[in-house]
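Chain and residue survey
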Amino acid sequence: MHALQEVLRRAQKNGVALGHFNISDFVQLKAVFTAAQKLEVPVLVGASEGEREFFGVRQIAALVRSLREQFDYPIFLNADHTHSLQGAIEAARAGFDTIVFDRSALPFEENVRQTREAVDALKAINPAILVEGEIGDIGTGSEIHEEEPHVANQLTSPVEAKQFVEATGIDVLAPAVGNMHGMLQSMVQGDTKKRLDITRIAEIKSAAQVPLTLHGGSGTDDEDLRKAIAAGINIIHINTELRVAWRHGLEEGLAKQPHQVVPYKILPFAVNAVEQVVSSRLQLFNTQPRASEARSETLLQR
Ligand SMILES: [Zn+2]
């Protein structure tokens, strides 16, 4: 019905990208779903190992499934940055639509071997599941970093990308193209922006020929995000910006009602704050390119 593979195919064809938003509670899920529903665009919800541990693997799967079924809505669930095969299998069995199997910290050959093994194991559980693999270094922690995190300055090369996709059989590739997890304080204030290597994205796309995910999208220059989509990025992850909004919203709800103890009167402030960020990102990701840009995007697909 709303197979994720088909949604990605259509996104590529239309020159738009699927927004991926991390959640660890129902406030964030409600915000993401409401924003997507208002704009009538498909959406991908993600939960990392830490987020899953807090929410519950089967519990988050049940909630997302309930939204998909009740509203007949294309909302999908991703097991973000899964570092063990056991964790990936648990998510696949719980009904996740896609798994990011991340062994990018390992040497290339070992990353290939373990990712290949994960692809086989996960497709045996659910042949329709999508497996995403990762190469290169984009740092860890969707948080506010005091200083520029130590990233090995290891951008993904097109040759490596092609080799990795062919050797592992992954459905989706997450490259390192100038993106980084988390935000610097200056990015939270809007004083600085992350910049992307657009040429490299186009080269990786034409070499790898699979959907591409941009991780660590928070705090990235809007124009770079638009160009990245035109160059072949199909999924964009936003986490830290949502966390910042969640905290501000919660603080506002508490400050405005100093004696309030009813959760459903305090938490809507957090829902609204997160929803605004999700809505702004979804509008950017789902804006169809102008005719001249659409042409170069079509060329890249060849
Ligand atoms: Zn990520």
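The structure reproduced in this document is the subject of the present report.

Each value, and the rule that gives it
Residues numbered from 1 in each chain as written. Predicted model: local features only at pLDDT ≥ 70, side-chain atom pairs only at ≥ 80, totals over all residues. Heavy atoms only, no water. Core = buried A, V, L, I, M, F, W, Y, C linked by side-chain atoms within 4.5 Å. Buried < 20%, exposed > 50% of the residue type's maximum accessible area, 1.4 Å probe, protein only. Helix = DSSP H or I, 4+ residues; strand = E, 2+ residues; numbered from the N terminus. Contact = heavy atoms within 4.5 Å. Donors = N, O, S within 2.8 Å, 3.2 Å for Na, K, Ca; no water. Axes fitted to C-alpha atoms, helices over the stretch in contact; angles between N-to-C directions. Parallel < 35°, antiparallel > 145°, perpendicular 65-115°, else oblique. Left-handed = near helix turned anticlockwise from the far one by under 90°. Nonpolar A, V, L, I, M, F, W, Y, C, P; charged D, E, K, R; others polar. Expected span 1.5 Å × (residues − 1).

Things to note about the nonpolar core
By size, the foremost hydrophobic cluster in this structure holds 71 residues, and its most contacted members are Ile-75, Phe-96, Ile-99, Leu-122, Leu-173 and Ile-236. Here this core gets nine residues from one element, more than from any other, and that element is helix α12 (residues 263–285). Sequence-distant contacts of Phe-96, defined by excluding residues within four places in its chain, comprise Arg-52, Val-57, Ile-60, Ala-61, Leu-77, Asn-78, Ala-79, Ala-91, Asn-126 and Ile-129. Of all hydrophobic cores here, the second largest spans nine residues; its members include Leu-8, Leu-18, Leu-44 and Phe-76.

Details of the coordination of the zinc ion
Only His-81 (NE2), His-181 (NE2) and His-215 (ND1) from the protein coordinate the zinc ion, and they sit 2.0 to 2.1 Å from it. Sequence positions of the residues that donate to the zinc ion give the spacing H-x99-H-x33-H. Highlighted residues: His-81 in strand β3 (residues 75–82) and His-215 in the loop between β9 (212–214) and α10 (222–231), separated in sequence by 134 residues. The class of His-81 is buried, set by a relative accessible area of 11%. A relative accessible area of 1% means that His-215 is categorised as buried.

Remarks on the environment of Gln-288
As for its placement among the helices and strands, Gln-288 is situated in the loop between α12 and α13 (291–301). Take Gln-288: its relative accessible area is 52%, and that puts it in the exposed class. Along the sequence, Gln-288 and Leu-155 sit 133 residues apart, while their C-alpha atoms lie 28 Å from each other. Ignoring anything within four residues of it in the chain, the contact list for Gln-288 reads Asn-14 and Val-16.

Overview of the packing of helix α2 (residues 26–39) against helix α4 (residues 57–71)
Remark: α2 packs on α4, axes separated minimally by 11 Å, with the N-to-C direction vectors making an angle of 30 degrees. For the element pair α2 / α4, the angle class is roughly parallel. Of the two possible hands of crossing, α2 and α4 adopt the one that is right-handed. On the side of α2, the interface is formed by Phe-26, Leu-29, Phe-33 and Gln-37, while α4 contributes Leu-63, Val-64, Leu-67 and Phe-71. Here the contact of α2 with α4 is built from residues that sort into seven nonpolar, one polar and no charged.

Some details on helix α6 (residues 108–125)
Given a rise of 1.5 Å per residue, 18 residues ought to cover 26 Å, and the 26 Å separating the end C-alpha atoms of α6 matches this to within 8%. Looking only at α6, the buried set comprises Asn-111, Val-112, Gln-114, Thr-115, Ala-118, Val-119 and Leu-122. Buried residues along α6 sit against α5 (85–94), β4 (98–101), β5 (130–134) and α7 (158–168).

Re unusual backbone geometry
Residues other than glycine seldom take positive phi values, yet Asp-72 does so here, at roughly 45 degrees. Counting through the fold element by element, Asp-72 comes out in the loop between α4 and β3. According to the relative accessible area criterion, Asp-72 is partly exposed, its value standing at 44%. For Gln-209, which is not glycine, the phi torsion reads 60 degrees and is therefore positive. Position of Gln-209 relative to the elements: it lies in the loop between α9 (198–208) and β9. The partly exposed category is assigned to Gln-209, whose relative accessible area is 47%.

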